[in-house]
Amino acid sequence: MHLLAVDDDPIILELLVEFVQYLGNHTIETATCVTDALELVARENGEKFDCFLLDIQMPGTDGIELCKILRGRPDHKSTPILMLTAMSDKAYIDRAFGAGANDYVTKPFEIDELRGRIGLVDSLITQQLKEAGENQQSFGDAELNSEDTANEIKHPLYEPFKIHDVDGVIEHNALENYVSLLSQKQLFGSTVFAFCIRGIADLYKETSGFEYQCLITDVSEAIASSLEKNQFLVSYAGSGVFVCVVERGWQPDPCSITDRVNLTLHHMGLCFNDGKPMKASVSTGEMVRLVWKSGDKAIDALATAFESAERESSRFAQNLEDFWYARQSA
Amino acid sequence: MTSAIVSMPGIERIQNRFLQKLDQREVRLSNAIHVSCENDSERERKEALRECQQILHKLAGSSGTVGFKDLGEGARYCEELIEAYLAGQTSGKDQMYEMLTCFLKGVEAMPERKGHRTAV
């Protein structure tokens with residue numbers, strides 16, 4: 001991999017250079033500010049960057065803004081971004097993930113942890129290149145983003161995939177990294193729950209690759225819109241399930257939040273490519289507070305929320321017309 | 001110091017650079033603490049404390065990684081005291097200045113710095 005590290009502390013940059021040389025199979029360039037970093041990214045003749053290591057707190061434009069700028073570039077929509085930050089800055093961590101960061105490494109660094117996280121990124125990139133190679137083989141020179149090609153490529157139902165350009169919606173492995181690395185204390189005010197699209201198996205069969213991708217994106221927009229007045233992160237976890245982490249002690253009422261999302265979906269008027277209306281609605285699982293949970297226990301909580309949402313969805317799957325929880329009075 | 005850091009070639013050079021930078025940071029921190037105590041203007045006192053916070057934040061982030069764990073933890077503790085004070089918890093003011101003074105004394109007395117001081 002070719003990395004770019006951005007930090008206003010030259011000691012950190014020297015350490016990272018030394019560390020990457022020590023690892024032996026990667027190369028690294030450095031920048032001490034966002035302006036210099038963007039010049040390196042934009043240059044025409046340099047080597048493309050495969051991964052970014054960004055300090056959060058820097059004078060002038062900070063690392064979170066840089067993360068957003070990188071995510072706005074077509075060539076770095078999916079490039080792994082690791083934030084380098086102190087554990088006490090949870091508010092910054094939340095904003096960084098919301099801006100599109102995949103992971104974070106805490107300062108002071110434990111070299112083994114840094115090695116492990118860069119190793120994970122390396123595996124992810126290898127997997128992405130393999131998948132891109134397989135698609136290229138199947139479709140030759142066809143533009144892989146075209147609707148016709150997207151119709152042919154259909155993500156397996158159970159597989160998470162990245163949703164672009166929806167505020168607060170992040171990749172599933174980023175959400176896992178977020179909850180697994182935060183301490184118990186930092187998660188005290190957090191609650192996790194999930195939404196599941198009702199009848200997702202049938203909808204999956206009825207939709208093309210493009211229609212399915214649009215469905216998942218539209219539902220994520222409806223969820224983000226319903227949660228927007230609160231601090232939250234959402235990820236698509238596959239199988240029609242969206243896992244949400246909300247903060248500051250807020251625990252939504254499951255019935256109210258379900259109705260809110262379903263009303264939004266109703267107003268969005270989803271439809272198939274041929275104009276036929278697509279009936280999509282969600283169920284919500286139990287609320288799981290992350291009190292006294294961190295690391296593997298926090299990941300278990302994500303799984304509990306996921307399974308709970310699937311169970312709720314199965315209960316309602318047979319009755320798609322009746323998606324209001326609250327009785328409507330005349 | 002973790003064994004992984006010790007085994008990295010070049011770490012000694014980085015530690016020396018860190019200690020050189022520490023000389024500069026010590027002077028800046030000392031000056032900023034003085035301004036925050038003595039200045040008549042509330043705004044300038046807070047600006048000086050913010051500068052202290054930034055210096056301590058950087059020290060907290062890098063010290064432990066290059067092998068000076070106690071220095072990093074001390075810097076983090078002082079940084080949090082300043083953050084609390086600037087956020088309105090003014091009852092901790094005396095403790096904050098006491099800890100900043102202790103921190104500076106600890107930096108001065110670091111055995112790794114003997115014979116290493118650079119002119120600033």
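Worth saying up front: this structure is predicted, and the values here are computed from it rather than measured.

1. Overview of the overall build of chain B
Moving on, step 1. From N to C terminus, chain B includes five helices and zero strands.
Moving on, step 2. Secondary structure elements in chain B, listed N-terminal to C-terminal, are α-α-α-α-α.
Moving on, step 3. The 120 residues of chain B split such that 43% are buried.
Moving on, step 4. Of the contacts made within chain B by residues no fewer than 6 positions apart, 63% connect residues no fewer than 24 positions apart.

2. Here's the deal with the domain arrangement of chain A
All names here are of chain A.
Moving on, step 1. The domain architecture assigned to chain A consists of domain 1 (1–141) and domain 2 (147–330).
Moving on, step 2. Note on domain 1 versus domain 2: buried area summed over both sides is about 1,600 Å², and carbon and sulfur give 54% of it.
Moving on, step 3. Our count for the contact surface shared by domain 1 and domain 2 stands at one salt bridge.
Moving on, step 4. K77 serves as the salt-bridge partner of D165, at 3.6 Å between the closest nitrogen and oxygen.
Moving on, step 5. On inspection of domain 1 and its partner domain 2, the count reaches five residue pairs in polar contact (both at pLDDT 80 or more).
Moving on, step 6. For the side of domain 1 that touches domain 2, the class distribution of residues is seven nonpolar, five polar and seven charged.

3. Remarks on the pattern of salt bridges
Moving on, step 1. Taken as a whole, this structure holds 24 salt bridges over all chains when the rule is applied.
Moving on, step 2. Of the charged contacts in the structure, one is a salt bridge between R28 of chain B and E51 of chain B, with a shortest N-O distance of 3.5 Å. One end of the pair, R28 of chain B, is in helix α2 (residues 11–38); the other, E51 of chain B, is in helix α3 (residues 42–63), and 23 residues separate them in sequence.
Moving on, step 3. Assessed through its relative accessible area of 30%, E51 of chain B is described here as partly exposed.
Moving on, step 4. For E42 of chain B, the salt bridge identified is with R45 of chain B, shortest N-O distance 2.7 Å. With E42 of chain B and R45 of chain B both in helix α3 and three residues apart, the pair spans about one turn of that helix.
Moving on, step 5. Put simply, D7, D8, D55 and K107 of chain A together with K58 of chain B are held in one network by salt bridges that share partners.

4. Details of the layout of surface pockets
Moving on, step 1. Here the second largest pocket is characterised by a volume of approximately 540 Å³.
Moving on, step 2. If you go around the second largest pocket, you meet 21 residues; those closest to its centre are Q57 of chain A together with Q54, I55, H57 and K58 of chain B.
Moving on, step 3. Among the elements that line the lining of the second largest pocket, the one with the most residues is α3 of chain B, at six residues.
Moving on, step 4. Here the lining of the second largest pocket is built from residues that sort into five nonpolar, six polar and ten charged.

5. Describing the sheet that holds strand β5 (residues 103–107) of chain A
All names here are of chain A.
Moving on, step 1. Taken together, five strands build an open sheet; the order of strands is β2-β1-β3-β4-β5 and the sheet is parallel. What marks the edges here is a single partner per strand, and that holds for β2 (27–31) and β5. For this sheet, the mean inter-axis angle between neighbouring strands, taken without regard to orientation, is 20°.
Moving on, step 2. As judged from the four bridges shared by strand β3 (residues 51–55) and strand β4 (residues 81–86), these two strands associate in the parallel manner. Across the sheet, F52 pairs through a bridge with I81, a residue of β4.

Rules and cut-offs
Residues numbered from 1 in each chain as written. Chains lettered and ligands numbered in written order. Predicted model: local features only at pLDDT ≥ 70, side-chain atom pairs only at ≥ 80, totals over all residues. Heavy atoms only, no water. Helix = DSSP H or I, 4+ residues; strand = E, 2+ residues; numbered from the N terminus. Buried < 20%, exposed > 50% of the residue type's maximum accessible area, 1.4 Å probe, protein only. Contact = heavy atoms within 4.5 Å. Domains from an automatic or database assignment. Buried area = accessible area lost by both parts, 1.4 Å probe. Salt bridge = Lys/Arg side-chain N within 4 Å of Asp/Glu carboxyl O. Polar contact = N/O pair within 3.5 Å; in protein donor to acceptor, adjacent residues only side chain to side chain. Nonpolar A, V, L, I, M, F, W, Y, C, P; charged D, E, K, R; others polar. 1 Å grid on protein atoms, 1.4 Å probe; cavity = no way out; pocket = protein on both sides within 12 Å on 5 of 7 lines; lining within 4 Å. Points joined across faces, edges and corners; volume = space filled by probe spheres on them. Pairing = 2+ DSSP bridges. Axes fitted to C-alpha atoms, helices over the stretch in contact; angles between N-to-C directions.

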